[in-house]
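Single-letter residue listing:
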Amino acid sequence: MAADPMAEAAHAVLALGSNLGDRWALLRAAVRQLDELLGVRACSSVYETDPVGGPEQDDYLNAVVLTAPAPPRELLAAVRAVEERARRTRTVRWGPRTLDVDVIALGTLHSDDPEIIIPHPRAHLRAFVCVPWLDVDPEATLPDHGRVADLVARMASAGELAGLRRASGRLGPDPSGPDPSGTARTSTSAGELGAGGASA
């Protein structure tokens, strides 16, 4: 009998980004809400990143969180609820946004559901996803693309990390606390992944 990739998933990988309004407050609220809805297990450092594609816009703050595994549709419902609370609007493709939350991976699971494609089809091209993901899971593997560490090494060799800047501060239930080596462990979307920092 073939193994169930959903049952074997250790966690779900979500990418967060914001470039409108109080970016830090929006990301911190998103982490708190995701913790309530799914259970956040780890949160990366925050990176400020140049926009990729789309109209001219401000820089993004990006991070990756690991949550408890859940079925794709449950993940999608959670990330949409969090985006809705941040008053996310979708008027311009890859345009600026208060909050973007993308489901990147769920173990080895593949989903061809047009509402939530897993793994995210552009994650392997996005430094603002792969670098923070490596913060929280040095052994991470992106299905169909291999080790995330190897993806980041290739990006570095190609000069693709130049627009990525690690920010001071942290996310999580206690943002005033120290940032332990860039990884803040917390309690207990198919996105567009295109418009630069915020979307994978």
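Located above this text is the structure these notes cover.
Cut-offs applied
- Residues numbered from 1 in each chain as written.
- Predicted model: local features only at pLDDT ≥ 70, side-chain atom pairs only at ≥ 80, totals over all residues.
- Heavy atoms only, no water.
- Buried < 20%, exposed > 50% of the residue type's maximum accessible area, 1.4 Å probe, protein only.
- Helix = DSSP H or I, 4+ residues; strand = E, 2+ residues; numbered from the N terminus.
- Arc of directions from axis to C-beta.
- Contact = heavy atoms within 4.5 Å.
- Pairing = 2+ DSSP bridges.
- Axes fitted to C-alpha atoms, helices over the stretch in contact; angles between N-to-C directions.
- Left-handed = near helix turned anticlockwise from the far one by under 90°.
- Nonpolar A, V, L, I, M, F, W, Y, C, P; charged D, E, K, R; others polar.
- Core = buried A, V, L, I, M, F, W, Y, C linked by side-chain atoms within 4.5 Å.
- Expected span 1.5 Å × (residues − 1).

Once that is clear, we can look at helix 5 (residues 148-157). For helix 5, the complete set of buried residues consists of Val148, Leu151, Val152 and Met155. Each buried residue of helix 5 sits inside an arc of 95 degrees when the element is viewed along its axis, so together they form one side. On its buried side, helix 5 packs onto helix 4 (127-136), strand 6 (141-142) and strand 7 (146-147). Backbone geometry just after helix 5 places glycine 159 at a positive phi near 75 degrees.

Turning next to the environment of proline 121. Here proline 121 lies in the loop between strand 5 (100-106) and helix 4. Each C-alpha atom of the pair proline 121 and alanine 105 lies 9.9 Å from the other, and the pair is 16 residues apart in sequence.

This part covers the pairing of strand 5. Residues in a regular strand project their side chains so that they alternate between the two faces of the sheet. Counting buried residues in strand 5 gives seven out of seven residues, a clear majority hidden from the surface. As paired strands, strand 1 (residues 12-18) and strand 5 are joined by six bridges and run antiparallel to one another. Its bridge partner being in strand 5, alanine 12 is matched across the sheet by leucine 106.

Glancing now at the packing of helix 2 (residues 23-37) against helix 3 (residues 72-85). Between helix 2 and helix 3, the shortest axis-to-axis distance is 10 Å and the interhelical angle comes to 145 degrees. Considering how the two elements wind past one another, helix 2 and helix 3 form a crossing that is right-handed. Residues Ala30, Gln33, Leu34, Glu36 and Leu37 of helix 2 touch helix 3, and the partners they reach there are Ala78, Ala81, Val82 and Arg85. Here the residues of the contact of helix 2 with helix 3 sort into six nonpolar, one polar and two charged.

The next point concerns the nonpolar core. In this structure, Leu14, Leu16, Leu34, Val65 and Leu75 are the most contacted members of the largest nonpolar core, which totals 32 residues. Secondary-structure elements contributing two or more residues to this core are strand 1, helix 2, strand 2 (40-43), strand 4 (60-67), helix 3 and strand 5. Judged by nonpolar contacts, the second largest core, of 23 residues, contains Ile104, Phe128, Cys130 and Leu164.

This brings us to helix 2. Taking 1.5 Å of rise per residue, the 15 residues of helix 2 would be expected to cover 21 Å, and the 21 Å separating its terminal C-alpha atoms lies within 8% of that figure. Of the residues making up helix 2, those classed as buried are Leu26, Leu27, Ala29, Ala30, Val31, Gln33, Leu34 and Asp35. The inward-facing, buried residues of helix 2 contact strand 1, strand 2, strand 4 and helix 3. A positive phi of about 95 degrees marks glycine 39, the residue just after helix 2.

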